[in-house]
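This is what each chain is made of:
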Amino acid sequence: MLNDWRIVIILCLALGLAPFFPEPHLWGKLKWIAGGAVGMTLKDWFDVLLHGLPFFLLIRLIVINISKKTIKNT
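These notes cover the structure that comes with them. (Residues numbered from 1 in each chain as written. Predicted model: local features only at pLDDT ≥ 70, side-chain atom pairs only at ≥ 80, totals over all residues. Heavy atoms only, no water.)

1. A word on the packing of helix 2 (residues 25-34) against helix 3 (residues 42-73)
Interaxial distance between helix 2 and helix 3 falls to 10 Å at its minimum, and their mutual angle equals 125°. Comparing the axis directions of helix 2 and helix 3 gives the class oblique. Remark: the crossing between helix 2 and helix 3 carries left-handed chirality. Where helix 2 abuts helix 3, its residues His25, Leu26, Lys29, Trp32 and Ile33 lie against Asp44, Trp45, Asp47, Val48, His51, Gly52 and Phe55. In terms of residue class, the contact of helix 2 with helix 3 is built from six nonpolar, three polar and three charged. (Axes fitted to C-alpha atoms, helices over the stretch in contact; angles between N-to-C directions. Helix = DSSP H or I, 4+ residues; strand = E, 2+ residues; numbered from the N terminus. Parallel < 35°, antiparallel > 145°, perpendicular 65-115°, else oblique. Left-handed = near helix turned anticlockwise from the far one by under 90°. Contact = heavy atoms within 4.5 Å. Nonpolar A, V, L, I, M, F, W, Y, C, P; charged D, E, K, R; others polar.)

As structure tokens, this is what we get:
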């Protein structure tokens, strides 16, 4: 399941970006962190992890596939 591209992409679009308006939730949290994370509570950090997990899985899949191709070519 964690290696299925379709599921990971759906998770990125659904959980990773929800709610979509006025801006994706993860984007707002990342801007907050970039601004110094002043006032962030443990709940906010957990929220970043929850909404960021699908993107972590996507990056993981990309790295796995690139490394497989690199190993095949050597």
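Moving on, there is more to tell.
2. Side note on the side chain of Asp47
As for its placement among the helices and strands, Asp47 is situated in helix 3. Relative accessible area serves as the criterion here: at 16%, Asp47 is assigned to the buried category. A polar side-chain atom of Asp47 sits 2.3 Å from a polar atom in the side chain of His25. Sequence-distant contacts of Asp47, defined by excluding residues within four places in its chain, comprise His25 and Lys29. (Buried < 20%, exposed > 50% of the residue type's maximum accessible area, 1.4 Å probe, protein only. Polar contact = N/O pair within 3.5 Å; in protein donor to acceptor, adjacent residues only side chain to side chain.)

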